[in-house]
Amino acid sequence: VYQVFETVAKKYDVMNDSMTLGIHRVWKDILMHKMNPCPGTLLLDVAGGTGDIAFRFINYVRSVRQRQLQRKLKHHQNLSWQEIFESYQKDKFNSLGDSQVVVCDINREMLRVGKQKAQHLGYSEGLSWVLGNAEELPFDDDKFDVYTIAFGIRNVTRIDLALQEAYRVLKPGGRFLCLEFSHVSNPLLSRLYDLYSFQVIPVLGEVIAGDWRSYQYLVESIRQFPPQEELKAMIEDAGFFKVDYENLNFGIVAIHSGFKL
Amino acid sequence: GRARPSHSEPRSRDGRGGEEEEMEGWQQLYPGHIPTSPLQKALLAAGSAVMALYDPYRHDMVAVLGETTGCLALPNLRDKMKNHPEGYRILQERPRIRLSTLDMARLQGLPDGSLGREYVRFLEDNKVSPDTRMPPKFVDDEELAYVIQRYREVHDLMHTLLGMPTNMLGEVVVKWFEAIQTGLPMCVLGAAFGPVRLSTRKLQVLATELVPWAIRSGLNASCVLNVYYEQRWEQPVESLREELGIFPPP
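Criteria and thresholds
- Residues numbered from 1 in each chain as written.
- Chains lettered and ligands numbered in written order.
- Predicted model: local features only at pLDDT ≥ 70, side-chain atom pairs only at ≥ 80, totals over all residues.
- Heavy atoms only, no water.
- Helix = DSSP H or I, 4+ residues; strand = E, 2+ residues; numbered from the N terminus.
- Contact = heavy atoms within 4.5 Å.
- Buried < 20%, exposed > 50% of the residue type's maximum accessible area, 1.4 Å probe, protein only.
- Arc of directions from axis to C-beta.
- Core = buried A, V, L, I, M, F, W, Y, C linked by side-chain atoms within 4.5 Å.
- Pairing = 2+ DSSP bridges.
- Axes fitted to C-alpha atoms, helices over the stretch in contact; angles between N-to-C directions.

1. Describing the environment of Arg117 of chain B
Residues and elements named next belong to chain B.
Step number 1: Its location among the elements puts Arg117 in helix 7 (residues 115-126).
Step number 2: Residues Arg117 and Gln235, spaced 118 residues apart in sequence, show a C-alpha to C-alpha distance of 9.9 Å.
Step number 3: Those residues within four positions of Arg117 in sequence are excluded, and the remaining contacts are Leu107, Gln108, Leu110, Pro111 and Asp112.

Have a look at this one:
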């Protein structure tokens, strides 16, 4: 049974690459740049199963930290050799700068695949994996600096509850970020997108994952998801301020952002 | 399972809804049926062909290939069955070969050399079961869906009649036979590309002895789908071969 789930969860990544022709990686990178986390940030990634956002966060924070440390070193040109040697000790450097990401997902198998990926890719510190439901998060109030949900909120039954939970667990000043499929308003593009979605994606699902129905459902659920303005209103209803969205690829995907003040 | 896009939320339908309904507003004709547009069938055919070659363990891809490319061969087969008294009865009664419908104990008790006994022996020797055949999904006609289902379930009996095991070599030989008999493009492709994965020694045997024999038998034999196998378990295999026109295996 485990092996079956492992194949299914593993196929999700392959399916994502083939459905979006690899562009989902760019979308996730853009999300990370928008977040622009500084070292010391505590991130909660909900529905983050296979770890894509979490790994990007760690990479980003690590590189920011590198630059910080390099700048620090430049200012201390008159250090003795002993001091320089000491400062090259890894733990003193604290390569992540106390940043941490908690990956929360409702599905145990997705988490398992994520953990395996982390091991495989060499991510060890600053990561934790928690089984949980977006509508009822197992965390205290006012805990996190940033909350992300990438391609997950679409699968939540009560989006309003998930948004309320997001508000609850964020610290005041915390940021909510949501990356999700949205609506294309350009009529020509929308027709092409529909053609691709309904004709090609279920076929890909059948050929790659042996599962037509799930991907048919996926495509239909994208059409039924609230469009940009409506989602913005829902986020505002949950109490967030300065709610805004950015369309990527003409609205195929949108990043919504809000702040808890 | 749903075969149509859900229309419960009008909001997202807009102008695009009409287009989708034209393409996907077909009814589900039988359990497991997924209606597909011609474009989808074409993409499926191409994709399944590639995947079946890339990963030979994806039997579901071979099945999908058969369904999406069988639009000419299947009606042909169905008509052959309709015009034959035994085939006609099969179409009417729709027998299914499944572990639940077969009386394995009785078949095992039949004398050696009988169809039933040899069939069970084949299943045991090769460790296969008739229940692993994929139900059809992409055939847009309920009767044709049965025809292809029957073809799949009778495949093991083909192995028995031809005396071929389920290794790659045996499967290719059976595919050649089936290609001649059914005209299904999937069989033709399987027969043509299957040998790609065989060693040269096996290829030699294949080319010099087995394939010519399979072709001769296929051409000579009457339609194998017109045989009500379930009523012939006691019949000796050799007698059935003679009746059908299959030459003895080399």
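Read on for the rest.
2. A short note on helix 7 (residues 159-169) of chain A
Given 3.6 residues per helical turn, the α-helix brings residues three or four places apart onto the same face.
Residues and elements named next belong to chain A.
Step number 1: Burial in helix 7 covers these residues: Ile159, Ala162, Leu163, Glu165, Ala166 and Val169. Around the axis of helix 7, the buried residues are gathered within 160 degrees of arc, so they sit on the same side.
Step number 2: For helix 7, the elements touching its buried residues are strand 1 (42-46), strand 4 (144-150), strand 5 (170-181) and helix 10 (228-237).

3. A word on the nonpolar core
Step number 1: Membership of the largest hydrophobic core comes to 58 residues, with the highest contact counts inside it found for Leu161 and Tyr229 of chain B.
Step number 2: Residue assignment for this core shows that the elements contributing at least two residues are helix 4 (73-82), helix 5 (85-93), helix 7, helix 8 (142-162), helix 9 (168-182), helix 10 (185-193), helix 11 (200-220) and helix 12 (237-244) of chain B.
Step number 3: Ranked by residues supplied to this core, first place goes to helix 8 of chain B with 11 residues.
Step number 4: Residues Ala54, Leu127, Phe181 and Phe198 of chain A belong to the second largest nonpolar core, which totals 52 residues.

4. A word on the sheet that holds strand 6 (residues 241-248) of chain A
All names here are of chain A.
Step number 1: In space, the seven strands of this open sheet follow the order 3-2-1-4-5-7-6, with mixed pairing throughout. Two strands in the sheet have a free side with no partner beyond their single neighbour: strand 3 (127-131) and strand 6. Along the sheet, successive strands turn relative to each other by an average axial angle of 15 degrees, direction set aside.
Step number 2: Sheet analysis places strand 6 next to strand 7 (residues 253-259), joined by six bridges and oriented antiparallel. Following the sheet pairing, Phe241 is matched in strand 7 by Phe259.
Step number 3: Against the sheet, helix 2 (residues 23-35) engages strand 1, strand 4, strand 5, strand 6 and strand 7, with an angle of about 160 degrees to strand 5.
Step number 4: The strands touched by helix 3 (residues 52-75) within the sheet are strand 1, strand 2 (100-105), strand 3 and strand 4, with strand 2 carrying the most contacts at an inclination of about 175 degrees.

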